[in-house]
Amino acid sequence: MNPGGQTAEQANSASPKGPARPRPPEPPRVSVELASYSYAPEGGASLFTLEATSFDVRPRELLAVLGRNGSGKSTLLRLLAGTLPPLSGRVQLEGFEVSRLDLRMRAQRIAMVQQETPLLFPVRVWDYVMQGRHPYSRGLRFETEEDGAVARQALVEAGADHLRTRWMHKLSGGEKQRAVLARALAQQPLLLLLDEPTLHLDIAAQVDLLRRLRRIANDRGYAVVVVTHELNLAAEFADRIVLLDRGKTLRVGKPVEVYEQELLQQVFGTLLHVEHTARGTPKVTFSGGETE
Amino acid sequence: MRALTPRKLLLTCAALAGVLLLLVFFSLKFGTRSISLPDLASLLYHTALGQTDRVSSDFRLIVLEIRWPRILLAIIVGASLSVAGASFQALLRNPLADPYVLGVSSGAALGSILSLIWFAELPGATPFGAFAGAVAATAAVYFLGRRGGELDSYALLLGGIITASFLSALIMFLMTTISGRELRGMAFWLMGDLSTPSPVAPGWLFLVLVAGVGAIYTTAADLNLLLGGEQEAMHLGVDVVRVKLVVYLSASVLTGLAVSVSGAIGYVGLMVPHLVRLLFGSDYRLLIPATALGGAIAVVLADTLARTLFAPTELPVGAMTALVGAPVFIYLLRRRMA
């Protein structure tokens, strides 16, 4: 692994998503093999179990994790982030077990955007984004010119360059999410994880965020995993979907393969209608009733 | 780009050190007996050159043997308490944390009193007792402040206040039931007092101060990230467990150090970091050294006022800091709730 966290794919920018996409298959960046996890009090019955799951994530790929609340999406994300070691099986990033990576090494390779980002004292966007350079610095850690250049680039890519002198706590939801994304990009990760990043965002900001993630995945060669409740946005922007239900991985595949009306009705417990647009993207409409 | 540079760090610290020097000079001058500037300058000049015979012995006694040691103690106590406060604020992720408000100072006071009672003959027993008391009180407050596995701001403050009052009751109980020569002056000492010379040489105290602040300073960059939550910090490569342990032990050492020297001087650890943040921002790489110097300035100023305002009567310096600090605390609390 190279210490800079920069890979060959990141250096040469790739073509955007489009019909020209059959390209030689790249080796998976992340491979999850029969990984499981169980929350259990000492000696007690387990409270929640994520059953053994297997899939991989490739460079440039945007993977969406779907499922109801409590289906194990966040647990899966924490397995990918390496903050939970799997109870069985393996979660590997370019051949290394993520939960055994040294903290700094891991932070150079995996960036996580969490749902809530509480701040104790006011901080400006620029300083906040600079925090993303922490895994690369040593000692007293004064930021270098290079750190500044990376942070600027991250701000541009996240669409937050105009916010750099603003205070974090005075930003709107959408602006704040861009700043948080910029900090994650400043980590120059191989794998970018986002836990319900569209929560509290209005529709325009949601679409904007997903479009950016799509572009970042393509241009930078990052593997991006997004946990979300937005079925239609996931169908529109994700390459593949992982569908979870009560700790079980029901399906892994392209949106077309996963979005089956009956399957989704059963998982989400609501009446819905799936149609396939001319472009082949599934579209979900909700009719308001309940399944049994 | 605005970011902290070593240059900005040095300039800020140099400016604060300048203010502190100036203040020390005036603090040497003023007192029950004021000394004229030329006399003071000549005294310091000749002392610095080692020509002690050319100095009035009266002035020498007042300035060098009464005021100077006291100022030195004020510097050590102010720096320790302020850095401890700034550290507790990051550690407990609570901007209102302060060794006094959290009951850590009371723990240190109880520890030093117990060590006086049980191990009076051992040298260094008081500071060590104060440190042990501070560690125990911090642990107690930490567990009282947890709710559902998370640190809760208000549970923490309440836990601190309750710990402080419980420990104060224990201290009162000890003081009324045990009569000993050492315990007599304690009522004054508990209010925070710098007039009693420390039994430990200031050089040693200074060494402990530098070690404690230095240890915390090695985690300064990590503390910046810890302010955003432990999970977030971990995702950015911070070894959260190690940082918390270093800061917890060092902040307890600093609190123990301050309390064993001067009793419980309140609110310094709350006010000084807040003022420094307002002036220079909340980057801990700058905040820690600036807070150490700012704390020294604050306590030297408070003590100078305490001994000159109603001269020849002296106020305990803790009363001075509480007079200013308590209203500031209420203000910060209300602003937070608004």
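Thresholds applied
- All chains use their own residue numbering, which begins from 1 and follows the written sequence.
- Each chain takes a letter, starting from A, and each ligand takes a number, starting from 1, following the order in which they are written.
- Predicted model: local features are reported for residues with pLDDT of at least 70 only, side-chain atom pairs are reported and counted for 80 or more only, and whole-chain, interface and lining totals are derived from all residues.
- By definition, any uninterrupted DSSP run of H or I lasting at least four residues is a helix, any uninterrupted run of E lasting at least two residues is a strand, and each is numbered from the N terminus.
- Three exposure classes are used, based on other C-beta atoms lying within 10 Å of a residue's own C-beta, which is placed from the backbone: buried for 20 or more, exposed for 12 or fewer, and partly exposed in between.
- Taken over C-alpha atoms, the radius of gyration is set against a globule rule of 2.2 Å times the number of residues to the power 0.38.
- Whether two residues are in contact is decided by their C-beta atoms, placed from the backbone, lying within 7 Å.
- Convention adopted: a line fitted to C-alpha atoms gives each axis, helices being fitted over their contacting stretch, and angles between N-to-C directions are expressed from 0 to 180 degrees.
- Every angle not falling under 35 degrees, over 145, or within 65 to 115 is termed oblique; those three ranges are roughly parallel, roughly antiparallel and roughly perpendicular.
- Left-handed describes a crossing whose near helix is turned anticlockwise from the far helix through less than a right angle; right-handed describes the clockwise counterpart.
- Gly is put with the polar residues, along with every residue not named as nonpolar or charged; the nonpolar set is Ala, Val, Leu, Ile, Met, Phe, Trp, Tyr, Cys and Pro, and the charged set is Asp, Glu, Lys and Arg.
- Strands qualify as paired when DSSP identifies two bridges or more between them.
- To estimate the expected span of a helix, subtract one from its residue number and multiply by 1.5 Å.
- Structurally, a nonpolar core is described as a collection of buried Ala, Val, Leu, Ile, Met, Phe, Trp, Tyr and Cys residues joined by way of C-beta atoms within 7 Å.
- Scored between 0 and 100, pLDDT is the confidence that the predictor attaches to each residue.

Remarks on the overall build of chain A
Alright, step 1. What chain A contains, in helices and strands, is ten helices and twelve strands.
Alright, step 2. Taken across its 292 residues, chain A has 42% of its residues classed as buried.

Brief notes about the overall build of chain B
Alright, step 1. Counting its secondary structure elements, chain B contains 15 helices and two strands.
Alright, step 2. At 20 Å, chain B has a C-alpha radius of gyration in line with the 20 Å of a compact globule built from 338 residues.
Alright, step 3. Scored against the burial criterion, the 338 residues of chain B give a buried share of 48%.
Alright, step 4. Contacts in chain B between residues far apart in sequence, at least 24 positions, make up 75% of those at least 6 positions apart.

Topic: the packing of helix 13 (residues 268-280) of chain B against helix 14 (residues 284-308) of chain B
To describe two helices that pack against each other, one gives the angle between their axes and the distance between the axes.
All names here are of chain B.
Alright, step 1. For the pair helix 13 and helix 14, the least separation of the axes is 9 Å and the interaxial angle reads 125°. With respect to helix 14, the element helix 13 is oriented oblique. Between helix 13 and helix 14 the crossing geometry is right-handed. When helix 13 is examined against helix 14, the residues Val 268, Met 271, Val 272, Pro 273, Leu 275, Val 276, Arg 277 and Phe 280 are found in contact with a partner set consisting of Leu 286, Leu 287, Ala 290, Thr 291, Gly 294, Gly 295, Ala 298 and Val 299.
Alright, step 2. Grouping the constituent residues of the contact of helix 13 with helix 14 by class yields twelve nonpolar, three polar and one charged.

Details of the sheet that holds strand 5 (residues 96-97) of chain A
Residue and element names in this part refer to chain A.
Alright, step 1. Pairing is antiparallel in the open sheet, where four strands are placed in the order 2-1-4-5. With partners counted over all chains shown, the strands left at the sheet margins are strand 2 (48-57) and strand 5, one partner each.
Alright, step 2. Note that strand 1 (residues 30-39) and strand 2 share seven bridges and pair antiparallel. If you follow Ala 35 over to strand 2, its bridge partner there is Thr 53.
Alright, step 3. Of the strands in this sheet, strand 1, strand 2 and strand 4 (88-93) touch helix 2 (residues 73-81), which is tilted by about 125° from strand 1.

A closer look at the interface of chain A and chain B
Alright, step 1. Between chain A and chain B, the contact holds 26 residues from the first and 25 residues from the second.
Alright, step 2. Within the residue set of the side of chain A that touches chain B, elements represented by two or more residues are helix 3 (103-109) and helix 4 (125-130) of chain A.
Alright, step 3. Here the side of chain A that touches chain B takes four residues from helix 3 of chain A, the largest share from any one element.
Alright, step 4. A class-by-class count of the residues in the side of chain A that touches chain B yields 15 nonpolar, six polar and five charged.

A few points about helix 6 (residues 173-186) of chain A
Residue and element names in this part refer to chain A.
Alright, step 1. Helix length check: helix 6 (14 residues) gives 20 Å between terminal C-alpha atoms against 20 Å at 1.5 Å per residue, within 8%.
Alright, step 2. Of all the 14 residues making up helix 6, eleven are buried; the element is thus mostly covered by neighbouring parts of the structure.
Alright, step 3. Along helix 6, the positions that sit buried rather than exposed are Lys 176, Gln 177, Arg 178, Ala 179, Val 180, Leu 181, Ala 182, Arg 183, Ala 184, Leu 185 and Ala 186.
Alright, step 4. For helix 6, the secondary structure elements touched by its buried residues are strand 6 (110-113), helix 4, helix 5 (145-157), strand 7 (191-195) and helix 7 (203-220).

Some thoughts on the sheet that holds strand 3 (residues 62-66) of chain A
Residue and element names in this part refer to chain A.
Alright, step 1. The mixed open sheet is built from six strands, whose spatial order is 6-7-8-3-9-10. Strands with a single pairing partner mark the edges of an open sheet, and in this sheet they are strand 6 and strand 10 (248-253). Geometrically, the sheet is characterised by an average inter-axis angle of 15° between neighbouring strands, direction not taken into account.
Alright, step 2. In the sheet, strand 6 pairs with strand 7 via four bridges, with the strands oriented parallel. Bridge pairing in strand 7 places Val 113 opposite Leu 194.
Alright, step 3. Packed on one face of the sheet, helix 2 meets strand 3, strand 6, strand 7, strand 8 (223-227) and strand 9 (240-245) and runs near 155° to strand 7.

What about the pairing of strand 3 of chain A?
Look at any regular strand and the pattern is simple: side chains alternate between the two faces of the sheet.
All names here are of chain A.
Alright, step 1. Along strand 3, five of the five residues are buried, which leaves the element largely enclosed by surrounding structure.
Alright, step 2. Neither face of strand 3 is exposed, since Leu 62, Ala 64 and Leu 66 on one face and Leu 63 and Val 65 on the opposite face are all buried.
Alright, step 3. Summarising the sheet, strand 3 and strand 8 pair through four bridges and their orientation is parallel. Counted as the bridge partner of Ala 64 is Val 226 from strand 8.

A closer look at unusual backbone geometry
Alright, step 1. Positioned with a positive phi, Glu94(A) is a non-glycine residue whose angle comes to about 45°.
Alright, step 2. You can call Glu94(A) partly exposed: it has 16 C-beta atoms within 10 Å.
Alright, step 3. For Arg93(B), which is not a glycine, the phi torsion comes out positive at approximately 45°.
Alright, step 4. Positionally, Arg93(B) belongs in the loop between helix 3 (57-91) and helix 4 (104-118).
Alright, step 5. For Arg93(B), a count of 19 C-beta atoms within 10 Å translates into the label partly exposed.

Concerning the nonpolar core
Alright, step 1. By size, the foremost hydrophobic cluster in this structure holds 93 residues, and its most contacted members are Ile76(B), Val77(B), Val83(B), Ala296(B), Val299(B) and Val300(B).
Alright, step 2. Ignoring anything within four residues of it in the chain, the contact list for Ala296(B) reads Leu20(B), Ile75(B), Gly78(B) and Ala79(B).
Alright, step 3. Within the second largest apolar cluster, 75 residues are counted, among which are Met168(A), Ala179(A), Tyr222(A) and Ala235(A).

A word on the environment of Leu103(A)
Alright, step 1. On the secondary structure map, Leu103(A) appears in helix 3.
Alright, step 2. Sequence-wise, Leu103(A) and His134(A) are 31 residues apart; in three dimensions their C-alpha atoms are separated by 11 Å.
Alright, step 3. The residues contacting Leu103(A), other than those within four sequence positions of it, are Met234(B), Gly237(B) and Asp239(B).

Considerations on the environment of Val24(B)
Residues and elements named next belong to chain B.
Alright, step 1. Mapped onto the elements of the fold, Val 24 is located in helix 1 (residues 6-29).
Alright, step 2. Once the C-alpha coordinates of Val 24 and Leu 301 are considered, the two residues, 277 residues apart in sequence, prove to be 8.6 Å apart.
Alright, step 3. In contact with Val 24, other than residues within four places in its own chain, are Ile 71 and Val 300.

Thoughts on the confidence of the model for chain A
Alright, step 1. Averaged over all residues, the pLDDT of chain A is 84; the fraction at 70 or higher stands at 87%.
Alright, step 2. Here residues 1-19 of chain A scores under 50 on pLDDT; set against residues more than four positions off or in separate chains, the count is 24 contacts.

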